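Observations on chain architecture
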Amino acid sequence: MSKLNAEERKARDNERFSQRVDERRTKGEDVVAYALANKKAYKFLTKDEKFELKQRQIALQNEVQLTEQEKQKLRDEQELEKVQAAFTEQ
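Residues numbered from 1 in each chain as written. Predicted model: local features only at pLDDT ≥ 70, side-chain atom pairs only at ≥ 80, totals over all residues. Heavy atoms only, no water.

As for the overall build of the chain
To be explicit about the condition: Here a helix means four or more residues in a row that DSSP labels H or I, a strand means two or more in a row labelled E, and each is numbered from the N terminus. We compute the radius of gyration over the C-alpha atoms and compare it with the globule rule, which gives 2.2 Å times the number of residues raised to the power 0.38. Throughout, exposure labels follow a simple rule: accessible area from a 1.4 Å probe, protein chains only, divided by the maximum for the residue type, with under 20% read as buried, over 50% as exposed, and the rest as partly exposed. Contact criterion: two residues are considered in contact whenever any of their non-hydrogen atoms come within 4.5 Å of each other.
The helix and strand tally for the chain stands at three helices and zero strands. A compact globule built from 90 residues should have a C-alpha radius of gyration of about 12 Å, whereas the chain, at 23 Å, is more than 25% larger. Counting only C-alpha atoms and orienting by the principal axes, one finds that the chain spans roughly 75 × 35 × 20 Å. Looking at the 90 residues of the chain, the share that counts as buried comes to 12%. Look at the contacts in the chain between residues 6 or more apart in sequence, and 22% of them connect residues 24 or more apart.

The structure is reproduced here in structure tokens:
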């Protein structure tokens, strides 16, 4: 097999991702979830699918922020318990 230049590789990869997105769409699978997992698939989504992708990204980001806040709150509570335990021992 001959070596491909950068443009040929890009064209080949774009064709593959386009086919994968189309296959998933025809099977009724969630192409937005596929695009979330694989960023290169984004440009092969429809306008509505791109909008849904943005909404899911925002939701995931909010979820991550909430879990970080919960972790920080737990750390703060544990630190407070340690301080209170040390204070009551004295």
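Quick notes on the environment of lysine 71
Inspection of the secondary structure puts lysine 71 in helix 3 (residues 47-89). Separated by 60 residues in the primary sequence, lysine 71 and alanine 11 place their C-alpha atoms 44 Å from one another.

Considering a negative patch on the surface
Here is the rule we go by: Each patch is built from residues lacking any salt bridge and having more than 30% relative accessible area; the joining distance is 9 Å for like charges and 5 Å for nonpolar side chains (Val, Leu, Ile, Met, Phe, Trp, Tyr). Areas reported as accessible are Shrake-Rupley estimates using a 1.4 Å probe. Residue values count occlusion only from the protein chains shown. Salt bridge, as used here: a side-chain nitrogen of Lys or Arg that lies within 4 Å of a carboxyl oxygen of Asp or Glu. When charges are counted, Lys and Arg contribute as positive and Asp and Glu as negative, whereas His and the chain ends are disregarded. To locate a charge, the coordinates of NZ of Lys, CZ of Arg, CG of Asp or CD of Glu are taken.
Together, Asp76, Glu77, Glu79 and Glu81 give the surface a local cluster of negative charge. Here glutamate 79 shows up in helix 3.

Thoughts on the pattern of salt bridges
Scanning all chains against the criterion turns up seven salt bridges. As a salt-bridge pair, aspartate 30 and arginine 56 come within 2.8 Å of each other at their nearest N and O atoms. Taken together, the residues aspartate 30 in the loop between helix 1 (6-27) and helix 2 (31-37) and arginine 56 in helix 3 connect sequence positions 26 residues apart. For arginine 56, the salt bridge is made with glutamate 52, and the minimal N-O distance between the two is 2.7 Å. With arginine 56 and glutamate 52 both in helix 3 and four residues apart, this pair spans about one turn of that helix. Classification of arginine 56 by relative accessible area gives partly exposed; the value is 26%. Residues joined by salt bridges that share partners form a network here, namely Asp22, Arg25 and Glu49.

Notes on the UniProt feature "coiled-coil region" (unreviewed entry) in the chain
Applied cut-off: UniProt positions are given in the numbering used here, feature names are shortened, and annotations may be inferred rather than shown by experiment.
In the numbering used here, UniProt assigns the "coiled-coil region" (unreviewed entry) feature to residues 57-86. Spanning residues 57-86, this segment combines 100% helix with 0% strand, and its end C-alpha atoms are found 44 Å apart.

Considering the packing of aromatic side chains
How two aromatic rings sit relative to each other is given by the distance of their centres and the angle of their planes. Using the following cut-off: Between 30 and 60 degrees the pair is tilted, below 30 it is stacked and above 60 it is edge-to-face, where a pair is any two Phe, Tyr or Trp rings, Trp via its six-membered ring, whose centres lie within 6.5 Å. Put simply, a charge is over a ring when the Lys NZ or the Arg CZ is close to the ring centre, within 6 Å, and near the line of the ring normal, within 35 degrees.
One pass over the full model with this rule turns up zero aromatic pairs. Above the plane of the ring of tyrosine 42 lies lysine 50, whose end atom (NZ or CZ) is 5.0 Å from the centre.

Quick look at the nonpolar core
Note the threshold: The set of buried Ala, Val, Leu, Ile, Met, Phe, Trp, Tyr and Cys residues whose side-chain atoms join them within 4.5 Å is what this entry labels a nonpolar core.
Of all hydrophobic cores here, the largest spans nine residues; its members are Phe17, Val21, Val31, Val32, Tyr34, Ala35, Ala41, Leu45 and Leu53. Of all the secondary structure elements, the ones that give two or more residues to this core are helix 1 and helix 2. The greatest single-element share of this core, amounting to four residues, is contributed by helix 2. Not counting chain neighbours up to four residues away, the residues in contact with phenylalanine 17 comprise Tyr34, Asn38, Lys40, Ala41 and Phe44.

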